Amino acid sequence: MEAFAEIAPQPRVYIETYGCQMNVADSQTVRAVMRQAGFRSTEQAEDADVILLNTCAIREHAEERVLKRLSELAGLKRRRPEVRLGLLGCMAQHNRASIVEKAPWLDLVAGPDSYRRLPELIGRAGFDSAVDVALDRAETYADIAPEHQEGVRAYVTAMRGCDKFCAFCVVPYVRGRERSVPADAVIREVTALAARGVKEVVLLGQTVNAYRFGEIDFGGLIRMVAAVGGIERIRFTSPHPGDMSESVIEAMATEPKVQPYLHLPVQSGSNRILAAMDRGYTVEHYLDLVSRLRKTIPGLALSTDIIVGFHGEEESDFDSTLALMKAVRYDSAFSFKYSLRAHTRAFKLGDTVNEVEKGRRIAEVIALQEQISAERNRALVGAKFEVLVEGPARRGNGMLSGKTPQFKTAIFPVRPEIAAGDTIAVRVESATGHSLTCSLPL
Ligand code: SAM
Ligand code: SF4
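Notes on the structure in this doc start here. In this text the structure is predicted, and so the values were computed from the model without any measurement. (Residues numbered from 1 in each chain as written. Chains lettered and ligands numbered in written order. Predicted model: local features only at pLDDT ≥ 70, side-chain atom pairs only at ≥ 80, totals over all residues. Heavy atoms only, no water.)

With that settled, the discussion passes to the site of ligand 1. In the vicinity of ligand 1 lie 15 residues, with Gln206, Pro265, Gln267, Asp305 and Ser339 positioned nearest. Arg59 places a side-chain nitrogen or oxygen 3.3 Å from a nitrogen atom of ligand 1. Burial of ligand 1 by the protein chains amounts to 91% of its free accessible area of 560 Å². Breaking the shell around ligand 1 down by element, the ones donating at least two residues are strand S15 (301–308) and strand S16 (332–337). (Near = heavy atom within 4 Å. Polar contact = N/O pair within 3.5 Å; in protein donor to acceptor, adjacent residues only side chain to side chain. Areas by Shrake-Rupley, 256 points an atom, 1.4 Å probe, with all protein chains shown as cover. Helix = DSSP H or I, 4+ residues; strand = E, 2+ residues; numbered from the N terminus.)

This is how it looks when you write it as structure tokens:
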């Protein structure tokens, strides 16, 4: 870092983030570490002295995107060799030293538990790349206050890592073992966010509902967050169906700040495939959980993740997935073509469904979900919702946007008295599968 200060007295760092919300939150921690070390942030890679890509390894496609970006940045390195280029996150952990062979112009490679040491790694990076991919069972970055972006909603890490080892998934290998952020650190962060005007917090973790810190389980943590003044809405993602305890359901049902929306990844509607995936539940368990949740939490919206074409998925298994989607009628769903990942248990089993077939199956899932989402949203025409105002709607047209308690995007007319952070009542006038167009009742 000292050596680096000679090149640029006020060095600038540019961070590009790929993948899930956990990575977005991690980039905010990285920004804080870099600021403490004397770096200012820039939004332009061209202006930066240090360029960091915080990457995702969940599917091959995610890694291909980053490799493409690395080749583009090779050009920048040729023009400005003094720039330090670093690869962070899950892909750094997954590919370790081999990534330096593929992209020898990389100066440093740092896994998700190495961010504290980034300034030191940057200082060390010179002729050889500095690589630090040690996983640390205890690292939670609890003492580092992440640099959150402006906005009415903020994402707060409650748990890191994952112990579930689903057969298809690389997360436990690249993010390490499950660990909970101390509850007082979570509350300190949420309190600071509330003081800045944040109204909604989303608690994050790969299996966030498995949270445990001493005697405090996830239901307990939710109640502690709900006690923070100024915070009006609480959400969390992603819960694992197997960890959806009575305590969590009870906290959702009885704590008014917890919003009636749950992303509950199912992955498949076939018991045979769920067992092969090692998900730890059956379709019957899952459907029973859904019906208990819907009974206990009125107006609950549900979304999910679905993988098509996992090893051994036959047409009949795929039909069971479509049947489950029809039975649950999710509000929305994210679907993925199975991607073989090194290190996972399913890797050695190989692929049994070809790309064309995976393409056909995912297209069917998407078409079915579009139809269900549109039907569910159209059924809301005439209903009233409380919306937390976020700002101008993406497509503009003099409209504002915000989220309903069910996390649906509501679009409504601008009024001079309405500002971001307000909660207002809207009435749904029309709907698509993706948004609700609303009026403002007087
Ligand atoms: N922890 C969450 C859970 O258990 O559901 C999700 C973690 S992962 C970042 C998000 C989603 O990516 C998973 O729910 C799964 O649908 C998908 N995914 C994970 N590994 C995959 C793979 N090898 N191929 C395709 N999709 C995958
Ligand atoms: Fe991956 Fe399963 Fe852990 Fe989710 S629960 S992160 S899918 S191993």
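After that view of the structure, there is still more to cover.
This part is about the site of ligand 2. Inspection of the region around ligand 2 gives Cys162, Lys164, Phe165, Cys166, Phe168, Cys169, Val171, Pro172, Gln206, Thr207, His240 and Arg279 as its neighbouring residues. Broken down by class, the residue content of the shell around ligand 2 amounts to seven nonpolar, three polar and two charged. (Nonpolar A, V, L, I, M, F, W, Y, C, P; charged D, E, K, R; others polar.)

Turning our attention to the state of the cysteines. On inspection of all chains with the given rule, the structure shows zero disulfides. Take Cys56: it sits in no disulfide, and the sulfur closest to it among the cysteines is that of Cys90, at 6.3 Å. (Disulfide = S-S within 2.5 Å.)

Another point: the sheet that holds strand S13 (residues 233–237). Within the open sheet, the three strands sit side by side as S7-S10-S13. Their pairing is parallel. Edge strands, defined here as strands with exactly one partner in the open sheet, are strand S7 (153–157) and S13. Along the sheet, successive strands turn relative to each other by an average axial angle of 25 degrees, direction set aside. Sheet topology places S7 next to strand S10 (residues 200–204); five bridges connect them, and they run parallel. Paired with Arg153 across the strands is Glu200, a residue of S10. Against the sheet, helix H2 (residues 21–36) engages S7 and S10, with an angle of about 85 degrees to S7. (Pairing = 2+ DSSP bridges. Axes fitted to C-alpha atoms, helices over the stretch in contact; angles between N-to-C directions. Contact = heavy atoms within 4.5 Å.)

The next subject is the packing of helix H9 (residues 246–254) against helix H11 (residues 283–296). With their axes 10 Å apart at the nearest point, H9 and H11 run at an angle of 30 degrees to one another. Looking at the two axes, H9 sits roughly parallel to H11. Judged by the twist between their axes, the crossing of H9 over H11 is right-handed. Mapping the contact onto sequence places Glu246, Ile249 and Ala253 in H9 and Leu289, Arg292, Leu293 and Thr296 in H11. (Parallel < 35°, antiparallel > 145°, perpendicular 65-115°, else oblique. Left-handed = near helix turned anticlockwise from the far one by under 90°.)

With omega at -10 degrees, the peptide bond leading from Thr237 into Ser238 counts as cis. Relative to the elements of secondary structure, Ser238 occurs in the loop between S13 and H9. Despite not being glycine, Phe165 has its phi angle at roughly 50 degrees, a positive value. Secondary-structure assignment places Phe165 in the loop between strand S8 (159–160) and helix H6 (171–175).

In terms of nonpolar packing, the biggest core is built from 58 residues, with Leu203 and Phe236 touching the most fellow members. Here the element with the most residues in this core is helix H7 (residues 183–195); it accounts for seven residues. Setting aside residues no more than four positions away along its own chain, Leu203 makes contact with Val156, Ala158, Val186, Val208, Phe218, Leu221, Val225, Arg235, Phe236 and Thr237. Ranked by size, the runner-up nonpolar core spans 25 residues in total, among them Ile51, Leu70, Met91 and Val174. (Core = buried A, V, L, I, M, F, W, Y, C linked by side-chain atoms within 4.5 Å. Buried < 20%, exposed > 50% of the residue type's maximum accessible area, 1.4 Å probe, protein only.)

This paragraph deals with the pairing of strand S18 (residues 399–403). Of all five residues making up S18, four are buried, and the element is well covered by its neighbours. Two strands pair when backbone bridges link them, and strand S17 (residues 384–392) and S18 are joined in this way by four bridges, in the antiparallel orientation. Note that in S18 the partner of Gly391 across the bridge is Ser401. As defined by bridge partners, S18 adjoins strand S19 (residues 409–413) across five bridges and the pair is classed as antiparallel. Bridge pairing links Leu400 to Phe412 in S19. Taking the residues between adjacent antiparallel strands as the criterion, S18 and S19 are bridged by five residues, where Phe407 takes a positive phi near 65 degrees.

The next point concerns the side chain of Ser180. Residue position: Ser180 is located in strand S9 (residues 179–180). Apart from the residues lying within four places of it in its own chain, the contact partners of Ser180 are Thr140, Ala158, Met159, Tyr211, Arg212 and Phe213.

Next up on the list: the packing of aromatic side chains. To describe a pair of aromatic rings, you give the distance between the ring centres and the angle between the ring planes. Evaluated as defined, the whole model comprises seven aromatic pairs. Measuring from ring centre to ring centre gives 5.4 Å for Phe165 and Tyr173, while their planes differ by 85 degrees; the resulting arrangement is edge-to-face. Assessed through its relative accessible area of 23%, Tyr173 is described here as partly exposed. The interplanar angle of 80 degrees and the centroid separation of 6.3 Å between the aromatic rings of Phe168 and Phe310 together place this pair among those described as edge-to-face. Here Phe168, found in the loop between S8 and H6, pairs with Phe310, found in the loop between S15 and helix H12 (315–328); they are 142 residues apart in sequence, far enough to count as distant. No difference in accessibility class separates Phe168 from Phe310, as the two residues are buried. Here the aromatic cluster, defined as three or more aromatic residues joined through ring pairs, consists of Phe168, Phe310 and Tyr338. In this structure, Lys403 is placed above the aromatic ring of Phe407, and the distance from its NZ or CZ to the ring centre is 5.1 Å. (Phe/Tyr/Trp six-rings, centres within 6.5 Å; stacked < 30°, edge-to-face > 60°. Lys NZ or Arg CZ within 6 Å of the ring centre and 35° of its normal.)

By themselves, these figures tell us nothing about what the structure is for.
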